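Architecture at a glance
Each chain, letter by letter, is given below.
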Amino acid sequence: MSNRNATVENALLSFFLAFAVMAKTVFSQDCQSTGCPGLKECCSSWGSCGIKDDQCGFWCFSGLCNLKNKSYGFDYNVSAGPRGPIESIVTPSLFKRIMSKVGNNCPAKGFYTHQAFISAVKSFQAYKGTVAKREIAAILTHFAHGSKGFCYKEDKATGRYCSPSKKYPCEPGKQYYGRGPLQSIRWNEYYGAAGIFLRLPMLKDPDMVAHSPEVAFKLALWFWTTNVRPALYLGFGETSKRVDGRLCDNLHPDDTKNLVKQYVDLCKILGVTPDEASTH
């Protein structure tokens, strides 16, 4: 089993490395660090935001990338079975095992709770029946990575992150930096759109994400179901790029390695292989 896990980790890492090599051309990293403000915009490998093929096509770095004919030769199908109710997959003991690694000096120690996670997941139609164990492993991996091991509920790099928008105007004095378990979610347009979907005043009160663990999980799950879930069939590498394009550059190899290892380890705990579709 250890040999298989090593093979899987190497295969997944090759995705990130291959993409990093393709994107190694000299470029600005503006949107790769901050994300694009537009809900429909993509961040290109050259650091520019837009909706054209130059940004959303083959050289798309993150965002709503055009998935047509873009499998990179991998077919890991993160949404494949086996499946089960969310309560049977993420049990209190499993959640406690994950949170046991949160240090006592972490600002978010005790903030992220099992009850809040289960309640948030079940509030989405896509997860009210059975869910794929492999997808849950991917979700928990990215949530842990996005919050530095569930250590933080707010990004340390705060900022205004306000873009001109008639539909989602910024509230005076409010900041729309990353909060919750996916701190790559920034900008007023994301908070505004998520707030409408979740029926929460996130645009007027973005701080509510850092005050309620259930709201924090709901914001992250809204982003996942909207921007990441459509790419599950392309594998864990593609989901990682859509969560945070920086995971696919060649500047943070240790982060990438740790991300892949955690995903493989969680799949092992849940009794699924991360690299093969299952017919069970």
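Above: the structure in question.
Cut-off values and rules
- Residues numbered from 1 in each chain as written.
- Predicted model: local features only at pLDDT ≥ 70, side-chain atom pairs only at ≥ 80, totals over all residues.
- Heavy atoms only, no water.
- Salt bridge = Lys/Arg side-chain N within 4 Å of Asp/Glu carboxyl O.
- Helix = DSSP H or I, 4+ residues; strand = E, 2+ residues; numbered from the N terminus.
- Buried < 20%, exposed > 50% of the residue type's maximum accessible area, 1.4 Å probe, protein only.
- Core = buried A, V, L, I, M, F, W, Y, C linked by side-chain atoms within 4.5 Å.
- Contact = heavy atoms within 4.5 Å.
- Expected span 1.5 Å × (residues − 1).
- Disulfide = S-S within 2.5 Å.
- Pairing = 2+ DSSP bridges.

Bringing the pattern of salt bridges into the picture now. Using the criterion set out here, one finds 8 salt bridges in the structure. A salt bridge links Arg-229 to Glu-135, with the nearest nitrogen and oxygen atoms 2.9 Å apart. One end of the pair, Arg-229, is in the loop between helix H10 (213–228) and helix H11 (236–243); the other, Glu-135, is in helix H7 (residues 133–146), with 94 residues separating them in the sequence. Residue Arg-179 is joined to Asp-207 by a salt bridge in which the shortest nitrogen-to-oxygen separation is 3.0 Å. On the criterion of sequence distance, the pair formed by Arg-179 in the loop between H7 and helix H8 (188–198) and Asp-207 in the loop between H8 and helix H9 (208–211) is long-range, its members being 28 residues apart. On the accessibility criterion, Arg-179 (2% relative accessible area) is buried. Note on Asp-207: relative accessible area 23%, which makes it partly exposed. Ionic contacts of the salt-bridge type, sharing partners, join the residues Glu-238, Lys-241 and Arg-242 into one network.

To continue, consider the nonpolar core. Val-90, Phe-117, Phe-143, Phe-150, Met-202, Phe-217 and Trp-222 are the most contacted members of the largest nonpolar core, which has 66 residues in total. Top element by residues in this core is H10. It accounts for 10 residues. Those residues in contact with Phe-143, other than ones at most four positions away along the chain, are Phe-117, Phe-150, Pro-181, Leu-182, Phe-217, Ala-220 and Leu-221.

A word on H10. In this model H10 runs 21 Å from its N-terminal to its C-terminal C-alpha over 16 residues, within 8% of the 22 Å that 1.5 Å per residue would give. Burial analysis of H10 places 13 of its 16 residues in the buried class, the great majority of the element.

Inspection of the entire model under this criterion finds 5 disulfides. Two residues share a disulfide in this structure: Cys-106 and Cys-151, whose sulfurs sit 2.2 Å from each other. In this structure the cystine formed by Cys-106 and Cys-151 twists about its S-S bond by roughly -105°; its chirality is therefore left-handed. Residue Cys-106 is located in the loop between helix H5 (92–99) and helix H6 (114–122), and its partner Cys-151 is located in the loop between H7 and H8; the two are separated by 45 residues in the primary sequence. Cys-151 carries the same exposure label as Cys-106, and that label is buried. There is a disulfide in this structure between Cys-162 and Cys-170, and the S-S distance comes to 2.1 Å.

Moving on to unusual backbone geometry. In this structure, Phe-150 is a non-glycine residue whose phi angle is positive, near 60°. For Phe-150, the position within the fold is in the loop between H7 and H8. Using a relative accessible area of 2% as the deciding quantity, one classes Phe-150 as buried.

A few words now on the sheet that holds strand S3 (residues 60–63). With antiparallel pairing, the 3 strands of this open sheet are ordered in space as S2-S1-S3. In this open sheet, the two strands that pair with only one neighbour each are strand S2 (49–50) and S3. Across 3 bridges, strand S1 (residues 42–44) lies against S3 in antiparallel orientation. Directly across from Ser-44, in S3, lies its bridge partner Cys-60.

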